[in-house]
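Each chain is listed here by its residues.
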Amino acid sequence: MKARYQYRIYPSDQQRRHLAKLFGCVRVVWNDALALCKQSEKLPSNGDLQKICITQAKKTKERQWLSEVSNIPLQQSIADLGVAFKNFFDSRKGKRKGIKVKLPKFKKKDNRQTARFRKGGFSIKGTKIYLAKIGRIKIKWSRPLPAEPSSVTVIKDRAGRYFVSFVVETSPEIKPALNQSIGIDLGLKVFAALSNGQKVLSPEYSKLDQKIRRSQRRLSRRQKQSLRRERMRLKVAKLKAKLRDKRKDFLHKLSTKVVNENQVIALEDLNVLGMLKNRRLSRAISQVGWREFRMMCEAKSNKFGREFVVISRWEPSSQICSDCGYRWGKLDLSVRAIVWINCGAHHDRDDNAAKNIEKVGVGHIHDYKWTGRECKTDASAVPVELSTHLKYEQLSLFDC
């Protein structure tokens, strides 16, 4: 299996200028090839695009500066465009799972910049990385590479930071798990309620979010193409990068802990795109990173030989008692605790859902249509006004 390992690099001032020239050439080749594809009735092949947008373009006066950078990233830019078109057509034909992939777009100078080198265009020399026509760049080795990389992508994000991302071939690492299985119910304030009773709170993003929104309002008032606007744009980009790093650090640590300790990991398939239509919760939902956490758990499960299960989004995990299996129906979101008179159990909403997710994930599926139980309370013993689910503040009335 293939994996990516990303590291921070620190190029010198001269190397920054060379990288800026490289990113510009890669961007121009991509945009020229994309414009040619949109003008053509039939999609040209990658070989034809390379001849027109690279080989022949270097001989013209307008594009002769393309020869000042390495030819490998320019060819990889054409190959990436071909992959983007293939993903678009496969998505339209139903061959690709997930949401529909849109047509490739033109690249902008202010967005994230990338350039990819394959073997022959880069090498690792000591503690530095060598890139063709760039030189040796200082790199921060936060962890060792497990194998020799097949390609490397140089990245400059909108905050002005530089990274390299290696693609390496790895094999699964089988490690013994402490627990057999676990179910995870995802939320907002409580990010993850685990079936073993643990609750993981979400990090606090509100202060950073307020700074970002305030800076974006100041950015909107700056005059376009001015230095003050560029400085404010860079400030907004750094704040957003700080928020992303905080979220990614939290998700990586939690997903690593969950995968290392459990053999079977069960999650619920959430309709995140549908939830984002809620105007009151869309910002909070987009910040917590449910989809990113699911992808991390799935990738690390494949790496460490774990079983990753995603149950149906229509599974009524919050409507079923995890002890006796009786289904009580839909509950309002304000109801956070349930006292079930059928078996006398007191459930926290999130804990109960996590336990049901674990049972469905490992294959213990209930027949929800069957309501008969040996411990079912007789109808004459049930008060008429007593509800089957109570809020926290109502629980104290029935403690006796």
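Our structure's up above, just so we're on the same page.
Residues numbered from 1 in each chain as written. Predicted model: local features only at pLDDT ≥ 70, side-chain atom pairs only at ≥ 80, totals over all residues. Heavy atoms only, no water.

Student: Please set out the overall build of the protein residue by residue, giving values where relevant.
Tutor: The number of helices and strands found in the protein is 10 helices and 14 strands. For the protein, with 400 residues in total, the buried portion stands at 41%. Counted over contacts in the protein with a minimum sequence separation of 6, partners at least 24 positions apart contribute 69%. Summing over all exposed atoms, the protein offers an accessible surface of approximately 24,300 Å²; the carbon and sulfur share of this is 51%. (Helix = DSSP H or I, 4+ residues; strand = E, 2+ residues; numbered from the N terminus. Buried < 20%, exposed > 50% of the residue type's maximum accessible area, 1.4 Å probe, protein only. Contact = heavy atoms within 4.5 Å. Areas by Shrake-Rupley, 256 points an atom, 1.4 Å probe, with all protein chains shown as cover.)

Student: Report on the packing of aromatic side chains, specifying residues and quantitative values.
Tutor: In the structure shown here, the tally under the stated rule is seven aromatic pairs. Residues W141 and F166 carry aromatic rings whose centres are separated by 6.0 Å and whose planes lie at 15° to one another, so their mutual orientation is stacked. Highlighted residues: W141 in the loop between β5 (135-140) and β6 (151-156) and F166 in strand β7 (residues 162-169), separated in sequence by 25 residues. The partly exposed category is assigned to W141, whose relative accessible area is 28%. Under the relative-accessibility criterion, F166 is labelled buried at 0%. Among the aromatic residues, those joined into a cluster by ring pairs are Y7, W141 and F166. The ring of W30 has K107 lying over it, and the distance from NZ or CZ to the ring centre is 4.5 Å. Directly above the aromatic system of Y130 lies the positively charged group of K125, at a separation of 4.7 Å from the ring centroid. (Phe/Tyr/Trp six-rings, centres within 6.5 Å; stacked < 30°, edge-to-face > 60°. Lys NZ or Arg CZ within 6 Å of the ring centre and 35° of its normal.)

Student: Explain the nonpolar core to me, using residue names and the numbers behind them.
Tutor: In this structure, L131, V164 and F166 are the most contacted members of the largest nonpolar core, which totals 39 residues. Considering each element in turn, this core owes the most residues, 10 residues, to helix α1 (residues 13-39). (Core = buried A, V, L, I, M, F, W, Y, C linked by side-chain atoms within 4.5 Å.)

Student: For the packing of α1 against helix α2 (residues 46-55), give the residues involved together with the corresponding values.
Tutor: One can describe the packing of α1 onto α2 by two numbers: an axis separation of 10 Å at closest approach and a directional angle of 130°. Classified by the angle their axes make, α1 and α2 are oblique. Crossing of α1 over α2 shows right-handed handedness. Counting all contacts with α1, which are made through V29, D32, A33, L36 and C37, the residues of α2 involved are L49, I52, C53 and I54. (Axes fitted to C-alpha atoms, helices over the stretch in contact; angles between N-to-C directions. Parallel < 35°, antiparallel > 145°, perpendicular 65-115°, else oblique. Left-handed = near helix turned anticlockwise from the far one by under 90°.)

Student: Got a sec to walk through the side chain of S195? Specific residues and values, please.
Tutor: Position of S195 relative to the elements: it lies in the loop between β9 (190-194) and β10 (199-201). If we ignore the near neighbours within four places in the chain, the residues touching S195 are I182, G183, A354, K355 and E358.

Student: Could you give me a rundown of a nonpolar patch on the surface, with the residues and numbers involved?
Tutor: Taken together, the side chains of I99, L273 and L276 define a hydrophobic patch exposed on the protein surface, amounting to about 290 Å² of accessible area. Mapped onto the secondary structure, I99 falls in the loop between α3 (71-93) and β2 (113-118). The class for I99 is exposed, based on a relative accessible area of 61%. (Patch = residues over 30% accessible without salt bridge, like charges linked within 9 Å, V, L, I, M, F, W, Y side chains within 5 Å. Salt bridge = Lys/Arg side-chain N within 4 Å of Asp/Glu carboxyl O.)

Student: I'd like to hear about the sheet that holds β10, residue by residue, with values.
Tutor: With mixed pairing, the five strands of this open sheet are ordered in space as β10-β9-β8-β11-β12. Only two strands of the sheet have a single partner each, and these edge strands are β10 and β12 (307-311). Strand-to-strand, the axes of this sheet are offset by a mean angle of 20°, without reference to chain direction. Here strand β8 (residues 179-186) runs beside strand β11 (residues 262-268); their pairing, made up of four bridges, is parallel. (Pairing = 2+ DSSP bridges.)

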